Amino acid sequence: MGEERVDMIVVREFDPRKDGVGVEEVERRCEVGPGGKLSLFTDLLGDPICRVRNSPAFLMLVAEIGEEIVGMIRGCIKTVTCGKKLSRTVKNNYSYNVINNNDLSKPVPVYTKVAYILGLRVSPSHRRMGIGLKLVHQMEDWFRQNGAEYSYIATENDNHASVKLFTDKCGYSKFRTPSILVNPVFAHRVPVSNRVTIIKLTPHDAELLYRRRFATTEFFPRDIDSVLKNKLNVGNFLAVPRGSLKSGSWAGPDSFLSDPPESWAVLSVWNCKDVFRLEVRGASRVKRTFAKTTRVVDKALPFLRLPSVPAVFRPFGLYFMYGLGGEGPRAAKMMKALCGHVHNLAKESGCGVVVTEVANREPLKLGIPHWKMLSCAEDLWCIKRLGEDYSDGSVGDWTKSPPGLSIFVDPREF
Ligand SMILES: CC(C)(COP(=O)(O)OP(=O)(O)OC[C@H]1O[C@@H](n2cnc3c(N)ncnc32)[C@H](O)[C@@H]1OP(=O)(O)O)[C@@H](O)C(=O)NCCC(=O)NCCS
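Not measured: the values here are computed from a predicted model. (Residues numbered from 1 in each chain as written. Predicted model: local features only at pLDDT ≥ 70, side-chain atom pairs only at ≥ 80, totals over all residues.)

### Points about the overall build of the protein
What the protein contains, in helices and strands, is eleven helices and 15 strands. Taken along its principal axes, the extent of the C-alpha atoms in the protein is 70 × 65 × 35 Å. Across the 414 residues that make up the protein, the buried fraction comes to 36%. Sequence separation of at least 24 residues holds for 83% of the intrachain contacts in the protein that already meet a minimum separation of 6. (Helix = DSSP H or I, 4+ residues; strand = E, 2+ residues; numbered from the N terminus. Buried ≥ 20, exposed ≤ 12 C-beta atoms within 10 Å, placed from the backbone. Contact = placed C-beta atoms within 7 Å.)

Encoded structure:
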């Protein structure tokens, strides 16, 4: 392709009134998997912006040549934790803190404005013409105009085109490799240990608990309240050993955290089923028949608790678990009980799988049931610093910082 054709590519904001069909066509062409292999098809339910629209600021751009849409990109911006420090009040006002009983050793989060790129697609017939690069550059311009200090993307480790585009041409570096854990929803209910009590928390109580305990976890969104109050949030659940609550019942986050049980775990659930549907395509008839048989048997004989394959060969929805945290020697056991509870909620609402994403070294991973064959051990996150003047400087360059044990994966961007 000559230079003059690159000039013919126009990148502009997506217009839902006239671009829907063109965008869908590019999505469809990009989803075609290699011949004979399985591919995962995503149905955005007629709303191409659905995967960013719940973020505080978002934009979708399309690339067109003449009247034809040949590529697109989505991006969003929010404020998240990038590190921690001792607060200035703590450092400078020792006597104030002693009088007010403040915990002097407790660090506070350092926030930064971070942008996220997702859903970059270029039509197979128009690749290697610089369209992907042009879309990324234009999206980054919008990020800078809106004060974002960092930009990051998540991609599969083996997506060479994407990894090379971002690392070789756009200045991103490999940053984190969290694991995506996927568990099928069986036809039977999963038993939840009767030695565990599960409490449903209001968004307000969950917010306080998250802010007090997990605000210094990297990528924790400062607007956690709007995530928890979103209509896609199914619920927030806390697990404690049966009979361990000091007051006998839930008395609010203050009382809970002032004297917590020896072990506990918490998580929230996001309903992705109403945002997009997935479908596994390209499976052989043998595989599909096998899956269907396991399902029929599991449905007919649920007491056997057979690990049946859900109906993933037609569109299915998922529940996403986020905000996973806990403390104490039995926290992983508490987490397992919570996952069982979420499985049963997902079954009731007709989901095919339950998914979560956690840091590679997350200690609670032990308690999260998942099928290895459906999961992704290393989801590659690449990051770039867009500017240096935004946060208070106490963290320095976040892109150079070592990973923590945990990471907060925002359900709005999954
Ligand atoms: C990844 C993708 C968006 C790239 O789009 P594109 O318009 O072809 O990319 P560009 O022409 O701008 O390429 C820019 C650079 O990226 C790298 N690159 C792009 N495609 C590549 C490939 N197939 N193999 C190796 N490097 C590649 C090269 O460094 C290239 O520069 P060069 O052509 O000078 O060597 C496109 O392949 C695509 O839509 N893939 C399917 C969807 C996807 O994987 N999206 C990314 C998920 S975040």
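### Brief notes about the site of the ligand
For the ligand, the set of nearby residues contains 21 residues, the closest of which are Arg127, Gly132, Leu133, Ala161 and Leu165. Listed by contribution, the elements that provide at least two residues to the shell around the ligand are strand 5 (108-122), helix 5 (131-145), strand 6 (150-156) and helix 6 (160-169). Ranked by residues supplied to the shell around the ligand, first place goes to helix 6 with seven residues. (Near = placed C-beta within 6 Å.)

### Here we look at unusual backbone geometry
The bulk of non-glycine residues show a negative phi, and the bulk of peptide bonds are trans. We note that Leu45 has phi near 50°; this positive angle belongs to a residue other than glycine. On the secondary structure map, Leu45 appears in the loop between strand 2 (39-43) and strand 3 (57-65). The exposure class of Leu45 is partly exposed, given the 14 C-beta atoms found within 10 Å. Within the chain, Phe219 stands out as a residue other than glycine whose phi angle is a positive 75°. When you line up the elements, Phe219 lands in the loop between helix 7 (203-214) and helix 8 (224-229).

### Re the sheet that holds strand 13 (residues 318-327)
Here we have six strands laid out as an open sheet, ordered 8-14-13-11-10-9, and mixed in their pairing. Every interior strand has two partners, whereas the edge strands, strand 8 (179-184) and strand 9 (196-201), have only one. Each strand of the sheet is rotated relative to its neighbour by a mean of 25°, with strand direction disregarded. Bridging between strand 10 (residues 233-241) and strand 11 (residues 264-271) involves six bridges; their strand directions are antiparallel. Paired with Asn236 across the strands is Ser268, a residue of strand 11. (Pairing = 2+ DSSP bridges. Axes fitted to C-alpha atoms, helices over the stretch in contact; angles between N-to-C directions.)

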